[in-house]
4 protein chains.
Amino acid sequence: MAKETGFLKQVAVLDKGFVQLVDVMGSDQRVVDAARVSTGSKADPERDKKLIFYLMENLHETPFEKIVFEFNVKCPLFVARQWQRHRIGSFNERSARYRVFDLDYYVPGLDVLPDVYSPEDVQAYVKALKQSYKLYESMIAKVAEQPKSRSRAREVFRGLLGVAYYTEFFWTVNFRSLMNFLKLRLAQDAQYEIRAYAEAIHALVPEHIPWTYEAFETFVLKQSPKIESDD
Amino acid sequence: MAKETGFLKQVAVLDKGFVQLVDVMGSDQRVVDAARVSTGSKADPERDKKLIFYLMENLHETPFEKIVFEFNVKCPLFVARQWQRHRIGSFNERSARYRVFDLDYYVPGLDVLPDVYSPEDVQAYVKALKQSYKLYESMIAKVAEQPKSRSRAREVFRGLLGVAYYTEFFWTVNFRSLMNFLKLRLAQDAQYEIRAYAEAIHALVPEHIPWTYEAFETFVLKQSPKIESDD
Amino acid sequence: MAKETGFLKQVAVLDKGFVQLVDVMGSDQRVVDAARVSTGSKADPERDKKLIFYLMENLHETPFEKIVFEFNVKCPLFVARQWQRHRIGSFNERSARYRVFDLDYYVPGLDVLPDVYSPEDVQAYVKALKQSYKLYESMIAKVAEQPKSRSRAREVFRGLLGVAYYTEFFWTVNFRSLMNFLKLRLAQDAQYEIRAYAEAIHALVPEHIPWTYEAFETFVLKQSPKIESDD
Amino acid sequence: MAKETGFLKQVAVLDKGFVQLVDVMGSDQRVVDAARVSTGSKADPERDKKLIFYLMENLHETPFEKIVFEFNVKCPLFVARQWQRHRIGSFNERSARYRVFDLDYYVPGLDVLPDVYSPEDVQAYVKALKQSYKLYESMIAKVAEQPKSRSRAREVFRGLLGVAYYTEFFWTVNFRSLMNFLKLRLAQDAQYEIRAYAEAIHALVPEHIPWTYEAFETFVLKQSPKIESDD
């Protein structure tokens, strides 16, 4: 499921989406160094790991802001909307004003739908998304020769496209803020689709910060009461 | 265009949207007081106004964070997406997981579309949005008797609904951050639809902070080079 | 301990400091309204209170950003430094570049010092703070007639003044961010002096948001493990 | 003035301070990539550079959040206080609760003081800072054998130490926020001491992001009106 491209890894998510880890800044060692500005002492690996666990358990969270990740994400628009409610971090998203949407939308598998739905229902859903796209495309075609109107057509007629359509963005986020994302989006009652993205991140991140991630799992993920997200 | 409800005012925007000013905290006087913590001096109205103009001209922006507005906004999803890229502020949006969308979408007037489009094109656009909604509705109807599945149906099948559909949210924002929003979204090349919302705010706000707003117009709005926004 | 000035209340803290509540925006009702944008339903008081408790217990925190407080604070510089590590909020502080410091410093009572210290030790501390001030004052006096140099003298020679000296600032903060401040600064191992300010806020705030504050005490303050702050 | 330690460079600032560049994430290329998520096109170096200049000139600032720097800074407390007013970024500072301050304070040269001051004035300043330290040290010595009281002594008696004393911190900041810092702190009317730190950063950063920095100088630094900072 994960394929490497140089030091980068990409994990497929849902039917056509992905999460790719583009870059990492910082490390377990950097967390320790940041915390030690406060104490000035040096220590052996065992004490370093203990310090990280101590920081996590006692909510000393700023040292975890020293770790920064850059992800490239492809996901349905409705997932992007939930994602972008997390304000501490930076998003750069493909613009539907400057670029025509692809015929590329999310189709939920029958296994993630209530039993009542049949393959015919999913076909009807796909057909509707295709029809909207056909109209969107034909509207844009009418101004193909007029650069100024083209941009206006794209920005208005995207209104036809359902929030199941895929978008793509870059996300820069420090680990303190990422912990908050994971805590909420890995929770049982997070929507299945965004949980799938949270799980991809949960698979990509630990190797870069093994002690920090172990501490996060021990003191945050395993302690969380039933948590709900609001979108 | 603006109707009062108590101290509140609401301005209609686009075909079915609005901006309502729900609450205001702070004032011109509060800006002056905040700046004077630094200087400790007291002054007459003329000097107070001069101080506000001085702060604005010289980019002393923190005193303007003392002014906080609360708005209630109804706008198309694609406008909400642009809006929520402004991260310094607080959004509470109606959730499509907990509540069924209304058959309520934005229809652009012919006057805001390139000349090439005819009334028939707009009718085709409306028809497509209605059809998607019909399917969305019928999908949700299938689980009307099953509370658990109902929520899952709502969160998946909203994928059918175009970003022209209306949503509603509350927005809390301080005036420093609001200036940034207005500077970008009142600009010539902002998308017409979000500019209409920026203009509604531009109409609602000045009476509450007359000197501050005059200073903002003088030193920021009138000085702005051609500014572009990125979504 | 609390004296009213109009709707404002001020609580004395330490030997010469205070916290004054300058303004409040929002209420329990506003939290409910913000959360209900999501659900659209109306309810009776009992259900409203239940909703607030539900939001707090399940970490739906954005509705609490609808409540905004404005405080005026006088505290020692070392307390202000700890305070201003809380980045989500807005500070306007009296500037020592534009204004001469007063001979006004914090003197810890013997009851908040380890037993080993005698009244003579406190006298020595006071004497040292006074002497530094005397030198600061004489340095500034040398440029009393030269406006340009006066500002330079103030900004450099404040270097003599200990972090026990009092400063004053305005603080605008939403309740979500304030909860984080209180959770960390009311904790057993917070420094005594900043805890005294947290307790003043803990006394001033509840009457304005009784249900929200009760929920905060129930689900956050009483549940907190031993928490440590880092400065 | 700049000495390399591995890939790291350190620049001496004031009499005993420094700025060290600890790590960099992102590059000119990453800015281009982030902006191109929007446009999907590929280009040659000349067009890439043009794109960066276009983004800077037109205030498309989010792509510059892809560049993140980590600095280690040693500066006087009064500089740290000004610095930490910049809230978008992350600070980890040496704690005076957990560690005894060194006898290490800033002494302004006569060349950066108004003419009226003599070498004797500077000697008096140094003498006063030393005397406060002596008292601080003796207060802490009284509890040398009592671990619990030691921490309390450190946190209270630091009150004696002037804001000329040096502190040390790590700072993680993205380039968008760093531009704001540089714009305000390189300005003519910024305090001399923090301007010296801003100039050190101005010397360290450009080689890592040559096009971006050139664009910043062209469209922001050279265009800035007289700018004032407020602390």
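Treat the numbers as computed from the prediction; the structure is a model and nothing was measured.

As a further point, take the overall build of chain A. When helices and strands are counted, chain A shows eight helices and six strands. When the helices and strands of chain A are listed from N to C terminus, the series reads β-β-β-α-α-β-α-β-α-α-β-α-α-α. Over its C-alpha atoms, taken along the principal directions, chain A stretches across nearly 70 × 45 × 30 Å. Scored against the burial criterion, the 231 residues of chain A give a buried share of 62%. The contacts in chain A between residues at least 6 apart in sequence include a share of 74% that link residues at least 24 apart. Accessible surface computed for chain A: about 9,000 Å², of which carbon and sulfur atoms make up 52%. Between the mean site of the 32 positive side-chain charges and the mean site of the 32 negative ones, chain A shows a separation of 7 Å.

A separate point is the relation of the copies chain D and chain A. You can overlay chain D on chain A at an RMSD of 0.0 Å; the transform is a turn of 180° with a shift of 0.0 Å along its axis. The transformation just described matches what one would write down for a two-fold rotation axis. The rotation axis passes nearest to the C-alpha of Met 25 of chain D in chain D, at a distance of 3.1 Å. Both copies share a contact surface, since 100% of the interface residues of chain D are interface residues in chain A too.

Taken together, the contact between chain D and chain A spans 33 residues of the former and 33 residues of the latter. Of the roughly 2,500 Å² buried at the junction of chain D and chain A (both faces included), carbon and sulfur atoms supply 54%. Per-residue buried area on chain D facing chain A is highest for Met 25, Val 37 and Lys 66 of chain D; these three make up 26% of the total on that side. Here chain D and chain A share four salt bridges between them. Residue Asp 23 of chain D is joined to Arg 30 of chain A by a salt bridge in which the shortest nitrogen-to-oxygen separation is 3.0 Å. Linking chain D with chain A are ten residue pairs in polar contact (both at pLDDT 80 or more), by the criterion used here. Sorting the residues of the side of chain D that touches chain A by element identifies strand S3 (17-25), helix H1 (28-36), strand S4 (68-76), strand S5 (90-93) and strand S6 (166-174) of chain D as the ones contributing at least two each. The element best represented in the side of chain D that touches chain A is S6 of chain D, accounting for five residues. Considering only residue class, the side of chain D that touches chain A consists of 13 nonpolar, ten polar and ten charged.

Another aspect to go through is the packing of aromatic side chains. In this structure the tally under the stated criterion is 84 aromatic pairs over all chains. Ring centres of Phe 101 of chain A and Tyr 165 of chain A lie 6.3 Å apart, and the angle between their planes is 80°; on these two criteria the pair is classed as edge-to-face. Remark: Tyr 165 of chain A occurs in the loop between helix H5 (147-157) and strand S6 (166-174) and Phe 101 of chain A occurs in the loop between strand S5 (90-93) and helix H4 (119-141); sequence separation between them is 64 residues. A residue is classified by how much of its surface remains accessible, and Phe 101 of chain A, at 13% relative accessible area, is buried. For Tyr 165 of chain A, a relative accessible area of 0% gives the class buried. Judged by centre distance (5.4 Å) and plane angle (90°), the rings of Trp 83 of chain C and Trp 171 of chain C are edge-to-face. Highlighted residues: Trp 83 of chain C in helix H3 (residues 77-83) and Trp 171 of chain C in strand S6 (residues 166-174), separated in sequence by 88 residues. With relative accessibility at 0%, the residue Trp 83 of chain C sits in the buried group. The class of Trp 171 of chain C is buried, set by a relative accessible area of 0%. An aromatic cluster of at least three residues, connected via ring pairs, comprises Phe 69, Phe 71, Trp 83, Phe 91, Phe 169, Trp 171, Phe 175, Phe 181, Tyr 197, Tyr 213 and Phe 216 of chain A.

Facing the 55 residues of chain A at the interface are 55 residues of chain B. Carbon and sulfur atoms make up 53% of the surface buried where chain A meets chain B, a total of about 4,600 Å² over both sides. Across the contact surface, chain A and chain B share eight salt bridges. Between Lys 142 of chain A and Asp 121 of chain B there is a salt bridge whose closest N-O contact spans 2.9 Å.

Right, let's talk about the confidence of the model for chain A for a bit. Residues and elements named next belong to chain A. Of all residues in chain A, 91% have pLDDT values of 70 or greater, and the mean over the chain is 91. In this model residues 1-5 is a low-confidence stretch, pLDDT under 50, and it forms eleven contacts with partners more than four residues away in sequence or in other chains. Reported confidences for the modelled complex are a pTM of 0.93 and an ipTM of 0.91.

Turning to helix H4 (residues 119-141) of chain B, a few remarks are in order. For H4 of chain B, which comprises 23 residues, the first-to-last C-alpha distance of 33 Å matches the rise-based estimate of 33 Å (1.5 Å per residue) to within 8%. For H4 of chain B, the full list of buried residues reads Asp 121, Val 122, Tyr 125, Val 126, Ala 128, Leu 129, Ser 132, Tyr 133, Leu 135, Tyr 136, Met 139 and Ile 140 of chain B. As for H4 of chain B, its buried residues are in contact with H4 and H5 of chain A together with helix H5 (147-157) of chain B.

It is worth spelling out the pairing of strand S4 (residues 68-76) of chain A at this point. Residues and elements named next belong to chain A. With nine of nine residues buried, S4 is to be regarded as a mostly interior element. Judged from the seven bridges that link them, strand S3 (residues 17-25) and S4 form a sheet pairing that is antiparallel. When the sheet's bridge partners are listed, Val 24 is paired in S4 with Phe 69. Strand direction decides the pairing type here: S4 and S6, joined by nine bridges, are antiparallel. If you follow Pro 76 over to S6, its bridge partner there is Tyr 166.

Residues and elements named next belong to chain C. In the contact formed by helix H1 (residues 28-36) and helix H2 (residues 45-57), the axes pass within 10 Å of each other and the chain directions differ by 75°. Taken together, the axes of H1 and H2 are roughly perpendicular relative to one another. Residues Asp 28, Gln 29, Val 31, Val 32, Ala 35 and Arg 36 of H1 lie in contact with H2, whose contacting residues are Arg 47, Asp 48, Leu 51, Ile 52 and Leu 55. For the contact of H1 with H2, the class distribution of residues is six nonpolar, one polar and four charged.

Scanning the model with the defined rule gives 76 salt bridges over all chains in all. The partner of Lys 49 of chain A in a salt bridge is Glu 214 of chain A, with the nearest N and O atoms 3.2 Å apart. Residue Lys 49 of chain A is found in helix H2 (residues 45-57), and its partner Glu 214 of chain A is found in helix H8 (residues 210-221); the two are separated by 165 residues along the sequence. Here Lys 49 of chain A falls in the partly exposed class, since its relative accessible area comes to 27%. Arg 97 of chain A serves as the salt-bridge partner of Glu 155 of chain A, at 2.8 Å between the closest nitrogen and oxygen. One end of the pair, Glu 155 of chain A, is in helix H5; the other, Arg 97 of chain A, is in the loop between S5 and H4, with 58 residues separating them in the sequence. Taken together, the shared-partner salt bridges in this structure form one network comprising Glu 61, Glu 65 and Arg 176 of chain A together with Arg 87 of chain C.

What follows deals with the environment of Leu 113 of chain D. Assignment of secondary structure puts Leu 113 of chain D in the loop between S5 and helix H4 (119-141). Using a relative accessible area of 6% as the deciding quantity, one classes Leu 113 of chain D as buried. Non-local contacts of Leu 113 of chain D, meaning those with residues more than four positions away in its chain, are made with Val 156 and Phe 157 of chain C together with Pro 108 and Val 122 of chain D.

Attention now moves to the packing of helix H2 (residues 45-57) of chain B against helix H8 (residues 210-221) of chain B. Two measures define how a pair of helices packs: the angle their axes make with one another and the distance between the axes. Residue and element names in this part refer to chain B. Relative to each other, H2 and H8 sit at 40°, their axes nearing to 9 Å. What the angle tells us is that H2 and H8 run oblique. Between H2 and H8 lies a crossing of right-handed hand. On H8, the residues touching Pro 45, Asp 48, Lys 49, Ile 52, Phe 53, Met 56 and Glu 57 of H2 are Trp 211, Thr 212, Glu 214, Ala 215, Phe 216, Thr 218, Phe 219 and Val 220. Counted by class, the contact of H2 with H8 contains nine nonpolar, two polar and four charged residues.

Next up on the list: the side chain of Arg 36 of chain B. Residues and elements named next belong to chain B. Tracing the backbone through its elements, the reader meets Arg 36 in helix H1 (residues 28-36). Residue class for Arg 36 comes out buried when judged on its relative accessible area of 11%. Of note is the side chain of Arg 36, whose polar atom sits 3.1 Å from the side chain of Asp 48.

Residues and elements named next belong to chain D. Positionally, Asp 44 belongs in the loop between H1 and helix H2 (45-57). Here Asp 44 falls in the partly exposed class, since its relative accessible area comes to 36%. It is 28 Å that separates the C-alpha atoms of Asp 44 and Leu 178, two residues lying 134 residues apart in sequence.

As a further point, take unusual backbone geometry. Residues and elements named next belong to chain A. We note that Leu 14 has phi near 55°; this positive angle belongs to a residue other than glycine. Within the secondary structure, Leu 14 is located in the loop between strand S2 (8-13) and S3. The exposure class assigned to Leu 14 is partly exposed, which follows from its relative accessible area of 22%.

Basis of the calculations
Residues numbered from 1 in each chain as written. Chains lettered and ligands numbered in written order. Predicted model: local features only at pLDDT ≥ 70, side-chain atom pairs only at ≥ 80, totals over all residues. Heavy atoms only, no water. Helix = DSSP H or I, 4+ residues; strand = E, 2+ residues; numbered from the N terminus. Buried < 20%, exposed > 50% of the residue type's maximum accessible area, 1.4 Å probe, protein only. Contact = heavy atoms within 4.5 Å. Areas by Shrake-Rupley, 256 points an atom, 1.4 Å probe, with all protein chains shown as cover. Lys, Arg positive; Asp, Glu negative; His and termini not counted. Charge placed at Lys NZ, Arg CZ, Asp CG, Glu CD. Least-squares fit on C-alpha atoms with pLDDT ≥ 70 in both. Buried area = accessible area lost by both parts, 1.4 Å probe. Salt bridge = Lys/Arg side-chain N within 4 Å of Asp/Glu carboxyl O. Polar contact = N/O pair within 3.5 Å; in protein donor to acceptor, adjacent residues only side chain to side chain. Nonpolar A, V, L, I, M, F, W, Y, C, P; charged D, E, K, R; others polar. Phe/Tyr/Trp six-rings, centres within 6.5 Å; stacked < 30°, edge-to-face > 60°. pLDDT = per-residue confidence, 0-100. Expected span 1.5 Å × (residues − 1). Pairing = 2+ DSSP bridges. Axes fitted to C-alpha atoms, helices over the stretch in contact; angles between N-to-C directions. Parallel < 35°, antiparallel > 145°, perpendicular 65-115°, else oblique. Left-handed = near helix turned anticlockwise from the far one by under 90°.

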